[in-house]
Every structure is written in structure tokens, then in C-alpha cells.
Amino acid sequence: MKNFLFLIALFISNLSIASDNDNFEFINKEYSPDISTVTLELNGLPSAFPVIRLGSADHLVLKFDDLSNQEKYLYYRIIHCNRDWTPSDMRELDYLNGFNDERLRNYDYSSNTRIQYLHYWQNFPNKDTKLKISGNYLLVIYEDDIQNPVLTRRFIVNEDIVKVEVNDIYPSDVANIRYKQEISVSVFTDNLRINNPLQDVTVVALQNENWGSEKMSKPNIFGNNVLKFNKLGSFEWWGNAEYREFDIRSFFRVGRGVKFIDRKKDGTDIILETTYPRTTKNHIAIFDFNGRFFIENWEQVGGSSILGLGSSISTPEIESILNELNGTLSASTLRSISSNRPEDRNIYSDYAYVTVYLDYGFDLKPNQNIYILGAFNNWTPSDQYMMKFDNGRDMFVSNLFLKQGYYNYYYAIVDDNGNIDIPSMEGSWNETENDYYVFIYIKSLGDLYDRVIGYYPYNTNYKNLY
């Protein structure tokens, strides 16, 4: 009997430690062509990065569509990760209160749409699953078995026990000082005792929610309870340009970036205005959504946008409105959460076939292709978003399948080794408005995992993002 109990305990203690044979990656990714329009929103807000404070009322809302329009047995598992997004050695009972591998029970069919789909949504943490420690986490949605992944999403739990300060500095790459951006980071450790601060603490920063832009550094100065991360070149990026945009919130009138709309019985075709490379243009300070997208059906909301946006998209307006969501969007969101109902914009918004034209007059190398990148495809090059040359039109063309909403995107040249070059298509300027997300990790001698002890969202124009 003792041996049997020992085996049970051993099994439980090792439960949920990720296997090297897992059939999924520890990145933001969809594994089925039927899965579309995936968002992981902080407190239901589409402009907030998925970082929750440990022990707070913060919650994440996962939303996605299944274009197969068939009910499936979908489940979720949450996996604790190291700072480098490899699975940690933490047991499930060490980082989780409640249960993993619970079924997704919140879903509804689309309504009054030509393209039918099943919309899913789920809150985290919830009454069945609560998180006990800080760190990096991977959310896995799978069908029937964990080896049949549907999608994966990263999120972070932050203890918020150190003060973080971020500042612009002149780029160390003097030759490109007009085209790059660089930040320095200071961490104030008054509320935390650190035995070996220069070794134990690490800062990770990324640009515009794009994990492909991630940079990491150790501190180079410590004194008076302040850690300085200002080694030249540590946190330096191409500024790029303001994002391109198109507005397909309405299928009855032409939005920004749209040339033509053809509403058919079995679907909607949208042709965007022809686009061109921007490397020879000067920087233009326009408001964008820094690569994000937002789902909305203009007719469903009666011509009054949930975001309070009319013919233009404005970052200050968006941030101001989203910070006052206890009146408009949050009321809809909280109502849907409390009643297990979806937001109307998510089930009444239709899909469209969107054609993108690029007039590009330069020769690509044999190992290069042009891709469309943005939050809607995780900034990841894939065949679905590759521009193909059309000899008849003498232009590059791509056909996308997207849900009604407002979208930001870039063009990028990508070679066979996966190197992504945005400035060669979009240009790059130091003046470009960008968001940067800074995370403070600590792992001291004897610690079992990488704790996240601080977080700072920074905007180059507005400084503190929230």
C-alpha cells in the first residue's frame, strides 16, 4: 500500500512538467488553418499587453474563432516557463491553484454573417484555475489531447515589487542615429534584498508587443539600491515607420486604405488601395495602433465606434478612451463575462477576402520574399501572408482572409534564413512613435524559477504608456 501511495505521489509531483516531445512551440502560434482572429486581452481591453499583477483582480480574456463552425472538445493547459520561454521545472501544484486541462465551455455561433464560425472566449485566472507565482506562462489550447494543439499564447505574471524607470538615449550606432531608437533602464531595489544584483537580475525588452524583437541584458552598474541597464547597444532597435493601416469595420462604405468593396451572397471581397515602398519618403507623424488590430462591425454599433473612433485612429484617443472603459467597452465586456455571453462585436462581425497590392519596382534576391506582418499574424512570416508577383498587373499581390475590424501592418523582406528586414520596405526614423515593454527578472542562488518583479510599458512619445 505504501509503495502504491508513493507512486501516486510521484506521478502527481511530476504532473504538467512539459515534455520534450510536446507537439507545440512556446511561442504565439496557431496550429490549425481553421483558427483565426486570436487575441489575449488584459481585463478585456484590446490595447493592453497580457501582463497581470500577482494577487490582483487582473484577468486575461482569450478570444478566437473556429472557422470550421463545428463544436469541438477544446481544453486549456497553463505551463510555467523560464525567462527564455523554455518549460521550467516547477510542478503544477507549485504554480497553480485548482485545475489544468479544463474544457473551454464559453462559445457561441456567429450571427447574421455570410461566413459562419464558432467564437470561443475564456477568462484566466478563473474559479477553476488560479496562479500562485510570478513568471512567464504559456497557455495551450488543444483538442482532446495535448499533442493536438490548436493555439499557444504567451503571458506574464508580475509581482510588481520594484520601481522601474525607462528613458530615451541617443542610439550608440552613430552611423544610424537618425534611424534607430535606444532606451536605458533603471531598477530601484529599495523593497528587495538581492545578494548578487549584477548577476541575479535580468531585463528583457521588446518593441510593439512583437516577441521577435526581444532583447535581453544584465545590469552594468549598481549603487544606492539602483541597478542601471545603460550599456550602449543593449536596448537598440530600428525605429521603422508608423504602421500602415486599413479599416474594414464597414462592408457598406469604403474605409481608410480601402479602394473597393464587393458584397456577394456567399462572402465579401475587399480590394485595398495600391501601396508602395516608403524608403524614399520622409517621416510623417501619423497616429497608428502600433501593429495591433481591433475587431468591430461598424453597422452593428450603429455608426458609433465602441472605441469612440470615427474616420481616424488616434493613439492618444485610444489610450484615453480605453482607460475610461468603465463606461463603454468595459460595460459590454464585463456584462458578457458575468453572463457568459460573448461581446456582440465578436459574433456579429463577418469575414472578408482582402486583396493587397504592392507596387515594388526593385529586384529581390533569389532567397528573398516579401511578407505582411502585424499582430494579426504574430509578426511571423508564413505562406498565407507572402506577397506573390503578378505578371499581368506587374505588382505583388496577396489575398488575406480577415475579420471585420481595423488593422495595422508592415511589409518586410525575409530571406531563407528567417532574417526579417523591415526598413528596406518601410524606411526607419528615430522620430517614429513606438511602444516598448520592459520586464525585470530575478533568479538568485537557490531560487527554483525566474521571478518577474517589475514591468514598465513605455511609449516614445507619451513616456509611461498607461
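Student: Please explain the pairing of strand 30 (residues 435-442) as it appears in this structure.
Tutor: In the case of a regular strand, side chains alternate between the two sheet surfaces. Extensive coverage of strand 30 is indicated by the burial of eight of its eight residues. Along strand 30, one buried face is formed by Asp435, Tyr437, Phe439 and Tyr441 and the opposite face, lined by Tyr436, Val438, Ile440 and Ile442, is buried too. Pairing of strand 15 (residues 201-207) with strand 30, which is carried by seven bridges, proceeds in the antiparallel orientation. Paired with Ala205 across the two strands is Val438, which belongs to strand 30. Pairing analysis gives eight bridges linking strand 30 to strand 31 (residues 451-459), with the strands arranged antiparallel. Looking at strand 31, one finds that Ile440 is bridged to Gly454.

Student: Teacher, can you tell me more about the sheet that holds strand 9 (residues 118-124) here?
Tutor: Pairing between the strands of a sheet comes from backbone hydrogen bonds, and it takes one of two forms, parallel or antiparallel. Spatial ordering of the open sheet is given by 2-4-9-8, a layout of four strands whose pairing is antiparallel. Both edges of this open sheet fall to strand 2 (35-42) and strand 8 (107-109), since each of them pairs with a single strand only. Direction aside, neighbouring strands of the sheet carry axes that sit 15° apart on average. Two strands pair when backbone bridges link them, and strand 4 (residues 60-66) and strand 9 are joined in this way by seven bridges, in the antiparallel orientation. In the strand pairing of strand 9, Leu60 is matched with Phe124.

Student: I keep staring at the sheet that holds strand 32 (residues 463-464) and nothing clicks. Help me out?
Tutor: The strand order across the open sheet formed by five strands is 16-15-30-31-32, and the pairing between neighbours is antiparallel. Two strands close off the open sheet at either side, each with one partner strand: strand 16 (210-217) and strand 32. Sheet analysis places strand 15 next to strand 16, joined by four bridges and oriented antiparallel. Bridge assignment links Ala205 to a residue of strand 16, and that residue is Lys215.

Student: Help me out: how do you make sense of the pattern of salt bridges in this one?
Tutor: Here the idea is simple: oppositely charged side chains can pair when their charged atoms come close. Under the defined criterion, the tally for this structure stands at 24 salt bridges. A salt bridge links Arg345 to Glu41; the nearest nitrogen and oxygen atoms lie 3.9 Å apart. Of the two residues, Arg345 sits in helix 6 (residues 344-348) while Glu41 sits in strand 2, which places them 304 residues apart along the sequence. This pair shows no difference in class: Arg345 is buried, exactly as Glu41 is. Notably, a salt bridge pairs Glu159 with Arg451, separated by 2.8 Å at the nearest N-O pair. One end of the pair, Glu159, is in the loop between strand 12 (149-158) and strand 13 (163-169); the other, Arg451, is in strand 31, and 292 residues separate them in sequence. Taken together, the shared-partner salt bridges connect Glu41, Lys63, Glu343 and Arg345 into one network.

Student: Help me understand the side chain of Thr37 in this model?
Tutor: Structurally, Thr37 is set in strand 2. A relative accessible area of 16% means that Thr37 is categorised as buried. Among the polar contacts made by the side chain of Thr37, one reaches the side chain of Ser36 at a distance of 3.2 Å. In this structure the side chain of Thr37 is engaged in a polar contact, spanning 2.7 Å, whose partner is the side chain of Tyr351.

Student: Quick question: what am I supposed to make of the confidence of the model for the protein here?
Tutor: When pLDDT is low, close inspection of the predicted coordinates is not appropriate. When pLDDT is averaged across the protein, the result is 88; 87% of the residues are at 70 or more. Predicted confidence is poor over residues 1-16, with pLDDT under 50, and the contacts of this stretch with residues over four places away or in other chains come to six contacts. Note that pLDDT drops below 50 for residues 308-339; the model gives that stretch 57 contacts with residues more than four away or on any other chain.

Student: How should I be thinking about the environment of Asn464 in this particular structure?
Tutor: By secondary structure assignment, the location of Asn464 is in strand 32. Classification of Asn464 as partly exposed rests on a relative accessible area of 37%. Taking C-alpha positions, Asn464 is 9.2 Å from Glu165, a pair spaced 299 residues apart along the chain. Once residues within four sequence positions are removed from consideration, Asn464 is found in contact with Tyr456 and Pro457.

Student: Help me understand the packing of aromatic side chains in this model?
Tutor: Geometrically, a pair of aromatic rings is defined through the distance of the ring centres and the angle of the planes. Taken as a whole and assessed by the stated rule, the structure comprises 29 aromatic pairs. Arranged with centres 5.3 Å apart and planes meeting at 15°, the rings of Phe246 and Tyr407 form a pair that is stacked. Note that Phe246 is positioned in strand 20 (residues 244-247) and Tyr407 in strand 28 (residues 405-415), a separation of 161 residues in sequence. Classification of Phe246 as buried rests on a relative accessible area of 1%. Aromatic side chains Phe439 and Tyr455 sit 5.0 Å apart centroid to centroid with 15° between the ring planes, which places their arrangement in the stacked category. One end of the pair, Phe439, is in strand 30; the other, Tyr455, is in strand 31, and 16 residues separate them in sequence. In terms of burial, Phe439 and Tyr455 fall into one category: buried. Here the aromatic cluster, defined as three or more aromatic residues joined through ring pairs, consists of Phe246, Phe293, Phe376, Tyr385, Tyr407, Tyr409 and Tyr411. The ring of Trp211 has Arg154 sitting right over it, with the charged end atom 5.1 Å from the ring centre. Positioned above the aromatic ring of Trp238 is the side chain of Lys180, whose terminal nitrogen or guanidinium carbon lies 4.6 Å from the ring centre.

Student: In this structure, what is going on with the environment of Trp238? I would like to understand it.
Tutor: With respect to the helices and strands, Trp238 occurs in strand 19 (residues 236-238). Setting aside anything within four residues of it in sequence, one finds Trp238 in contact with Asn176, Tyr179, Lys180, Gln207, Pro423 and Ser428.

Student: Teacher, can you tell me more about the pairing of strand 14 (residues 180-188) here?
Tutor: Among the nine residues of strand 14, eight are classified as buried, and the element is accordingly described as predominantly covered. By the bridge criterion, three bridges tie strand 14 to strand 19 in an arrangement that is antiparallel. Its bridge partner being in strand 19, Gln181 is matched across the sheet by Trp237. Pairing between strand 14 and strand 18 (residues 226-229): four bridges, direction antiparallel. Looking at the pairing, Phe188 lines up with Val226 of strand 18.

Conventions adopted
- Residues numbered from 1 in each chain as written.
- Predicted model: local features only at pLDDT ≥ 70, side-chain atom pairs only at ≥ 80, totals over all residues.
- Heavy atoms only, no water.
- Buried < 20%, exposed > 50% of the residue type's maximum accessible area, 1.4 Å probe, protein only.
- Helix = DSSP H or I, 4+ residues; strand = E, 2+ residues; numbered from the N terminus.
- Pairing = 2+ DSSP bridges.
- Axes fitted to C-alpha atoms, helices over the stretch in contact; angles between N-to-C directions.
- Salt bridge = Lys/Arg side-chain N within 4 Å of Asp/Glu carboxyl O.
- Polar contact = N/O pair within 3.5 Å; in protein donor to acceptor, adjacent residues only side chain to side chain.
- pLDDT = per-residue confidence, 0-100.
- Contact = heavy atoms within 4.5 Å.
- Phe/Tyr/Trp six-rings, centres within 6.5 Å; stacked < 30°, edge-to-face > 60°.
- Lys NZ or Arg CZ within 6 Å of the ring centre and 35° of its normal.

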